[in-house]
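Structural description and commentary
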Protein chains: 2
Amino acid sequence: MSDNPRLQPPGDSGLLGWLRHYRLAWLSGDLTAGLVVSVMIIPQSMAYAMLAGLPVQIGLYASLLPLLAYALFGSSMSLSVGPVAVTGLMTATLLAPLASIGSGAYLQMAIWLALLSGVMLFAVGLLRLGFLANFLSHPVISGFISGAAILIAISQLPHLLGVPALPSGPQQLLDSWTLANSLVLGIGLVSLAWLMYARSMLARHLRGLGLPPVAATLLARLAPIVLVIAALLVTVSGDLAARGVPVVGFLPAGLPAFFWATPEFSDIRALLLPAALISLVTFVESVAIAQSLARRKRQSIDADRELLALGAANLGAGLTGGFAVAGGFSRSVVNIEAGANTPLAGVIAMTIIGLILLTIAPLFAHLPLVILAVVILVAVTPLIDVASLRRAWRYDRAEGLTLFSTAAGVLLLGIEGGIALGICLSIAAQLWRGSRPHIAVVGRVPGTQDFRNTKRHLVEIEPHLLALRIDENIFFANTKAIEHALYRALRDYPDTREVLLILSAVNHIDSTGLDMLSELTEGLAERDIHLHLAEVKGPVMDHLGETDWINEQVGEVFPSTHIAFNTLGNQKRAVAEPEQA
Amino acid sequence: MSDNPRLQPPGDSGLLGWLRHYRLAWLSGDLTAGLVVSVMIIPQSMAYAMLAGLPVQIGLYASLLPLLAYALFGSSMSLSVGPVAVTGLMTATLLAPLASIGSGAYLQMAIWLALLSGVMLFAVGLLRLGFLANFLSHPVISGFISGAAILIAISQLPHLLGVPALPSGPQQLLDSWTLANSLVLGIGLVSLAWLMYARSMLARHLRGLGLPPVAATLLARLAPIVLVIAALLVTVSGDLAARGVPVVGFLPAGLPAFFWATPEFSDIRALLLPAALISLVTFVESVAIAQSLARRKRQSIDADRELLALGAANLGAGLTGGFAVAGGFSRSVVNIEAGANTPLAGVIAMTIIGLILLTIAPLFAHLPLVILAVVILVAVTPLIDVASLRRAWRYDRAEGLTLFSTAAGVLLLGIEGGIALGICLSIAAQLWRGSRPHIAVVGRVPGTQDFRNTKRHLVEIEPHLLALRIDENIFFANTKAIEHALYRALRDYPDTREVLLILSAVNHIDSTGLDMLSELTEGLAERDIHLHLAEVKGPVMDHLGETDWINEQVGEVFPSTHIAFNTLGNQKRAVAEPEQA
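Residues numbered from 1 in each chain as written. Chains lettered and ligands numbered in written order. Predicted model: local features only at pLDDT ≥ 70, side-chain atom pairs only at ≥ 80, totals over all residues. Heavy atoms only, no water.

- The name an unreviewed UniProt entry gives chain A is Sodium-independent anion transporter, with Halopseudomonas salina as the organism.
- UniProt, in its Subcellular location (unreviewed entry) section for chain A, records the words "Membrane". (UniProt positions renumbered as here; feature names shortened; annotations may be inferred.)

Regarding the packing of aromatic side chains
- One pass over the full model with this rule turns up 14 aromatic pairs over all chains.
- Ring geometry for Y22 of chain A and W26 of chain A: centres 5.3 Å apart, planes at 85 degrees, overall edge-to-face.
- Residue Y22 of chain A is classed as partly exposed on the basis of its relative accessible area, which comes to 23%.
- Centre to centre, the rings of F73 of chain B and F122 of chain B are 5.7 Å apart; their planes meet at 90 degrees, and the pair counts as edge-to-face. Of this pair, F73 of chain B sits in helix α4 (residues 65-73) while F122 of chain B sits in helix α6 (residues 104-126), and the two are 49 residues apart along the sequence.
- Classification of F73 of chain B as partly exposed rests on a relative accessible area of 22%.
- Put simply, the rings of W18, Y22 and W26 of chain A pair up and form one aromatic cluster. (Phe/Tyr/Trp six-rings, centres within 6.5 Å; stacked < 30°, edge-to-face > 60°. Buried < 20%, exposed > 50% of the residue type's maximum accessible area, 1.4 Å probe, protein only. Helix = DSSP H or I, 4+ residues; strand = E, 2+ residues; numbered from the N terminus.)

What about a positive patch on the surface?
- Where like charges cluster on the molecular surface, the positive patch consists of K455, R488, R491 and R527 of chain A.
- With respect to the secondary-structure elements, K455 of chain A resides in the loop between β4 (451-453) and β5 (465-471). (Patch = residues over 30% accessible without salt bridge, like charges linked within 9 Å, V, L, I, M, F, W, Y side chains within 5 Å. Areas by Shrake-Rupley, 256 points an atom, 1.4 Å probe, with all protein chains shown as cover. Salt bridge = Lys/Arg side-chain N within 4 Å of Asp/Glu carboxyl O. Lys, Arg positive; Asp, Glu negative; His and termini not counted. Charge placed at Lys NZ, Arg CZ, Asp CG, Glu CD.)

Observations regarding the relation of the copies chain B and chain A
- Rotating chain B by 180 degrees and moving it 0.0 Å along the rotation axis overlays it on chain A with an RMSD of 0.1 Å. When the rotation and shift are considered jointly, the pair of chain copies conforms to a two-fold rotation axis. Closest approach to the rotation axis within chain B is made by the C-alpha atom of A505 of chain B, at a distance of 1.9 Å.
- A symmetric contact is evident, with 100% of the interface residues of chain B recurring at the interface of chain A. (Least-squares fit on C-alpha atoms with pLDDT ≥ 70 in both. Contact = heavy atoms within 4.5 Å.)

A few points about the packing of α4 of chain B against helix α13 (residues 303-319) of chain B
All names here are of chain B.
- Following both chains from N to C, one finds α4 and α13 inclined at 155 degrees, their axes separated by 8 Å at the closest point. In this view, α4 runs roughly antiparallel relative to α13, as classed from their interaxial angle. Once α4 is placed against α13, the crossing between them reads as right-handed. Each of L65, P66, A69, Y70 and F73 in α4 lies in contact with α13, whose residues at this interface are R305, E306, L308, A309, A312, A313, G316 and A317.
- Looking at the contact of α4 with α13 residue by residue, the class counts come to ten nonpolar, one polar and two charged. (Axes fitted to C-alpha atoms, helices over the stretch in contact; angles between N-to-C directions. Parallel < 35°, antiparallel > 145°, perpendicular 65-115°, else oblique. Left-handed = near helix turned anticlockwise from the far one by under 90°. Nonpolar A, V, L, I, M, F, W, Y, C, P; charged D, E, K, R; others polar.)

Regarding the pairing of strand β7 (residues 530-534) of chain A
Residue and element names in this part refer to chain A.
- In terms of burial, β7 is largely enclosed, as four of its five residues are buried.
- Bridge count for strand β6 (residues 498-502) against β7 is five bridges, and the pairing is parallel. Its bridge partner being in β7, L501 is matched across the sheet by L533.
- The parallel pair β6 and β7, bridged by helix α20 (residues 511-526), forms a crossover whose chirality is right-handed.
- Two elements, β7 and strand β8 (residues 557-558), share two bridges in a ladder whose sense is parallel. Bridge pairing in β8 places L533 opposite V557. (Pairing = 2+ DSSP bridges. Right-handed = clockwise from strand over helix to strand, strands pointing away.)

Observations concerning the pattern of salt bridges
- Counting across every chain of the model gives 16 salt bridges over all chains.
- Note that R221 of chain A and E337 of chain A form a salt bridge whose closest N and O atoms lie 3.3 Å from each other. Of the two residues, R221 of chain A sits in helix α10 (residues 213-221) while E337 of chain A sits in helix α14 (residues 329-337), which places them 116 residues apart along the sequence.
- In this structure R221 of chain A comes out as partly exposed when scored by relative accessible area, which is 29%.
- On the basis of relative accessibility, which here comes to 23%, the residue E337 of chain A falls in the partly exposed class.
- R433 of chain B serves as the salt-bridge partner of D396 of chain B, at 3.3 Å between the closest nitrogen and oxygen. Here the residue D396 of chain B occupies a position in the loop between α17 (386-395) and α18 (397-435), and R433 of chain B occupies one in helix α18, the gap between them amounting to 37 residues. Each member of the pair, D396 of chain B as well as R433 of chain B, is classed as buried.
- Through salt bridges with shared partners, a single network forms among D396, E399 and R433 of chain A.

Details of the interface of chain B and chain A
- Counting residues at the interface gives 53 residues for chain B and 53 residues for chain A.
- When chain B packs against chain A, close to 5,100 Å² is buried across both sides, 52% of that on carbon and sulfur atoms.
- Our count for the chain B to chain A interface comes out at four salt bridges.
- Viewed at the interface, chain A and chain B are joined by 23 residue pairs in polar contact (both at pLDDT 80 or more).
- Residue assignment for the side of chain B that touches chain A shows that the elements contributing at least two residues are α7 (138-161), α12 (265-296), α17, α18, β5 (465-471), α20 (511-526) and α21 (538-544) of chain B.
- Among the elements that make up the side of chain B that touches chain A, the one with the highest residue count is α18 of chain B (eight residues).
- In terms of residue class, the side of chain B that touches chain A is built from 16 nonpolar, 18 polar and 19 charged. (Buried area = accessible area lost by both parts, 1.4 Å probe. Polar contact = N/O pair within 3.5 Å; in protein donor to acceptor, adjacent residues only side chain to side chain.)

A few points about helix α19 (residues 479-492) of chain A
Residue and element names in this part refer to chain A.
- Taking 1.5 Å of rise per residue, the 14 residues of α19 would be expected to cover 20 Å, and the 20 Å separating its terminal C-alpha atoms lies within 8% of that figure.
- Within the sequence span of α19, burial applies to T479, I482, E483, A485, L486, A489 and L490. With its buried residues spanning 160 degrees around the axis, α19 presents them on a single face. Among the exposed residues of α19, those oriented more than 90 degrees off its buried face are R491 and D492.
- Looking at the buried residues of α19, the elements they touch are β3 (438-444), β5, β6 and α20. (Expected span 1.5 Å × (residues − 1). Arc of directions from axis to C-beta.)

A closer look at a nonpolar patch on the surface
Residues and elements named next belong to chain A.
- Judged by side-chain polarity, I154, L157, L166, L411, L412, L413 and L421 come together as a nonpolar surface patch covering roughly 620 Å² of accessible area.
- Only α7 (138-161) and α18 (397-434) provide two or more residues apiece to the nonpolar patch.
- Owing to a relative accessible area of 38%, I154 belongs among the partly exposed residues under this scheme.

Section: the side chain of E483 of chain B
All names here are of chain B.
- As for its position among the elements, E483 is in helix α19 (residues 479-492).
- Owing to a relative accessible area of 14%, E483 belongs among the buried residues under this scheme.
- Discounting chain neighbours no more than four positions away, the residues touching E483 are M516 and L520.

Some thoughts on the domain arrangement of chain A
- Split into domains, chain A comes out as domain 1 (5-10 + 25-246 + 255-384) and domain 2 (439-576).
- Inter-centroid distance (C-alpha atoms) of domain 1 of chain A to domain 2 of chain A is 58 Å. (Domains from an automatic or database assignment.)

Side note on the UniProt feature "domain: STAS" (unreviewed entry) in chain A
- Mapped onto the present numbering, the UniProt feature "domain: STAS" (unreviewed entry) falls at residues 455-568 of chain A.
- Within residues 455-568 of chain A, the helical portion is 45% and the strand portion 17%, while the C-alpha atoms at the span's ends are 22 Å from each other.

Notes on helix α9 (residues 179-208) of chain A
Residue and element names in this part refer to chain A.
- Within α9, the axis deviates most sharply at M201, by approximately 60 degrees.
- Within the span of α9, buried status applies to A180, N181, V184, I187, G188, S191, L192, L195, A198, L202, A203 and L206.
- Positive backbone phi, approximately 105 degrees, marks G210, located one or two places after α9. (Bend = angle between axes of the 7 residues up to and from the residue.)

Quick word on unusual backbone geometry
- One non-glycine residue, D239 of chain A, adopts positive backbone phi at about 45 degrees.
- Structurally, the position occupied by D239 of chain A is in the loop between α11 (223-238) and α12 (265-296).

Below, the structure written as structure tokens:
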């Protein structure tokens with residue numbers, strides 16, 4: 001946990017750089033982290049498997065090989081991969097139309113989904129196409145996560161109430177209420193209180209008891225496993241399963257076997273979109289987490305290698321009968337807090353989980369499902385991010401709306417619909433902004449070479465020269481607006497003989513824009529007004545250089561507005577004075 | 001046809017401005033234009049009705065009330081509305097899945113389509129939503145028109161060969177070939193030769209015979225009606241219909257009755273998308289034509305009034321049993337060439353067509369269909385615009401590709417598919433460009449206050465100051481690229497202690513961009529590098545002013561790069577010198 005850079009493992013020194021340069025000083029941190037993380041993620045993995053509609057051991061299976069695969073390819077020294085809430089939810093909702101939850105076909109589909117998503121992530125990494133994820137804006141990601149978290153929380157309510165599905169109303173719930181329901185709800189509420197207390201105050205109280213801060217924080221993180229052990233004791237001693245409290249029921253001992261079944265082509269086709277969506281979310285979320293962790297330790301990560309690593313992790317999950325995995329935020333934070341220096345911590349965690357599977361795993365069969373539901377609820381509620389919504393809305397209404405619509409879309413239209421709506425809205429907002437360019441008539445700040453908006457500053461203008469600064473790329477969505485703005489300015493300055501377009505903020509002109517400019521120049525020429533340009537950027541000029549517009553229609557192209565003002569201003573004054581005489 | 005502005009009717013002086021200010025001097029031009037246009041559009045209207053899969057008289061019906069409706073609302077003094085090729089094609093292809101061509105239900109659907117499109121155009125005009133059409137880029141419009149023209153030309157080949165449908169191969173065509181086919185093909189080829197001669201050389205030859213240029217041009221424009229009359233004489237005298245040459249067959253005398261039938265809700269729903277597409281194309285095309293005509297006469301048009309006028313014209317068409325209408329290019333050009341001064345020319349044309357319907361219309365029953373097919377072919381071939389494709393491709397590969405894909409999309413995926421593909425591609429091209437921003441390290445041009453790209457110009461830099469100019473709006477698609485470019489520049493300039501971002505070309509920063517900048521500033525601060533800004537535009541600063549980033553993380557915000565260089569350069573040199581001493 002040293003912050004001395006010399007003692008830091010290299011994040012971006014090639015595959016397995018951490019292993020080639022491994023130092024003994026890192027081992028104790030990696031060991032502690034492996035132990036703490038493995039104990040912490042056992043209830044989480046089982047809970048997320050339940051969320052995905054799968055037997056709980058599938059969650060444990062998905063916590064083995066993926067950790068090794070990530071260690072081989074990953075560039076983050078701290079990211080911990082495994083089952084996470086959002087991919088659990090996505091597995092459940094995306095597979096629901098394809099197979100019925102609980103069936104063998106469903107489990108099969110979940111495994112293929114992980115494999116296909118692994119292939120996609122790996123291929124995208126090899127082809128270095130990771131930049132495609134850049135087209136997801138933060139409001140879309142944030143809205144998606146919040147919407148998904150709400151969906152997840154709602155999905156756990158039946159477990160909390162001890163009923164098979166959400167009741168249609170309070171009356172129906174009351175009519176069918178039994179002692180078992182009361183027991184489940186009681187266990188759930190007590191567990192919820194414990195986990196919430198553990199999250200907010202336990203560490204402080206442990207420090208108050210004299211524990212060192214780091215140990216107190218880590219111990220508080222282990223509250224879920226304490227809950228699991230307590231729940232097992234209560235359930236077995238009180239024989240609660242016999243009293244109608246739903247429990248896990250069965251959990252085989254032993255490691256998963258390597259697994260392969262050849263899918264039908266029609267299954268692959270049905271899984272293509274789900275796998276693409278899971279891959280996108282896995283990549284975006286995992287890289288965001290890895291980046292924020294790398295910043296803490298002043299390391300850096302490589303997005304293309306993360307794609308390979310996440311792909312390999314999902315292939316590893318699928319090949320050992322697990323479901324889709326991703327980098328998890330809370331487990332990675334615990335990993336880093338517990339002192340993880342390299343992905344060896346993950347390999348150690350894998351080993352411990354493997355040992356647990358070989359030995360005491362069948363005991364978890366007595367675990368009430370409500371415990372897992374509570375673990376999920378406590379994990380996902382912080383993901384409902386109202387602060388981001390408030391901040392986005394304050395910064396820009398369109399972005400707030402995008403975030404809100406994405407979240408609402410996930411809730412009302414489903415995951416694909418929500419993401420698609422969000423992407424469309426963020427692109428539409430971008431186009432909408434570009435379609436309403438800021439256009440300023442500028443003049444010279446007296447005594448300087450600076451030119452500023454006549455509406456914001458006290459500036460000098462030349463009577464026959466209209467200088468317009470266009471503050472936007474010129475493209476199809478704003479050509480009409482720019483044309484109108486220019487004609488409006490001509491009405492305000494009726495003596496104009498020369499128009500100067502200042503293109504300092506124009507980074508691109510598309511062909512629709514070029515057509516508009518050409519027609520505009522023609523229209524001005526008919527009124528005997530000449531069009532000139534100033535401050536055309538190099539790349540724009542490279543593009544325009546070969547067009548008829550710039551070679552035949554435009555007057556002069558000035559390197560700076562200053563030179564343009566001197567040239568066009570004086571020139572016209574020389575012509576104008578004799579007329580006044 | 002005077003170019004004296006005092007004699008020009010006002011284009012944008014409110015509804016019916018042209019009538020309130022009507023001058024007797026305009027009447028002769030309007031009369032001539034009305035006569036010429038009416039004679040010219042009779043074959044066209046019938047041909048486009050055939051193209052739309054409708055009885056030919058429907059084309060004539062659609063050439064009555066729409067002209068009056070346009071005269072009441074329109075702002076163009078020259079646009080001539082009526083059946084056009086593209087809306088004819090759209091009517092045929094969009095209705096094909098809804099009813100079988102030739103049936104009463106099909107005719108009914110075509111009429112409702114015109115009505116619904118009229119309602120939409122009128123509503124969009126009232127709501128002033130015409131700007132939405134700005135999101136169609138020129139490559140999309142051009143690609144759509146070219147693709148539609150090819151589709152239209154292909155659709156007329158059976159008429160040219162005298163067969164009911166396109167043969168599956170040459171063998172099938174030869175096997176079923178009869179004398180009638182030869183007659184049809186012969187008439188078609190002779191007619192085609194005549195119309196092509198008329199278009200390219202007839203006017204010149206008429207001038208050679210001593211006719212004044214204007215009269216020669218106008219007479220040459222009447223070649224189609226000469227063809228129609230000649231064809232009628234030949235068909236009747238040679239009794240060609242009896243020899244198997246397909247003719248129009250039946251054409252009722254008299255004006256259309258006012259028409260109303262209440263549609264089923266399911267029909268309306270099925271027609272919503274077709275009507276929206278026809279409205280979009282009608283508006284975009286008609287306004288483009290009206291604008292280019294207005295420029296010729298130094299008039300202007302009002303897009304919102306054009307929407308009302310086109311809406312009214314389509315309502316007029318539908319209410320008198322006609323099909324969808326739009327502003328036509330060739331008829332409008334003839335209108336203007338023949339001297340039209342005001343929409344009165346259209347009202348006169350309407351009157352003449354009405355008189356023809358009342359008297360000699362039934363004679364057209366003897367017209368061979370191949371004549372109408374040839375009229376269509378000659379009208380649409382100039383719309384296949386290869387020059388635009390070449391120009392767009394040369395200007396920008398992405399735009400050339402968009403144009404080509406839209407045309408190919410129209411041919412292979414149909415009209416909706418082609419337009420949707422084109423819109424997606426032009427938006428994607430725009431995002432793609434924005435995602436790869438030009439970012440320059442700049443230095444001072446010696447002895448000036450100008451700053452230029454170090455890679456393009458010989459400039460001075462300060463060793464501890466890295467000045468980066470970002471030539472693009474900062475938004476979700478390019479945040480990663482900007483972050484990478486900055487870190488790359490830091491590797492090239494390892495002595496950097498101060499980073500100056502020059503935002504002169506940044507017109508907007510979205511919330512994803514803001515998050516990136518905030519993380520970047522944090523990352524730089526960890527390396528003890530400070531971030532400053534220069535030339536932040538007013539609207540961007542208005543936005544950023546309330547953020548934590550600018551208030552807490554950013555160093556200074558300089559009004560100009562010049563001041564920033566003087567301040568940051570000197571400051572650092574003062575600190576740097578003692579170290580070196």
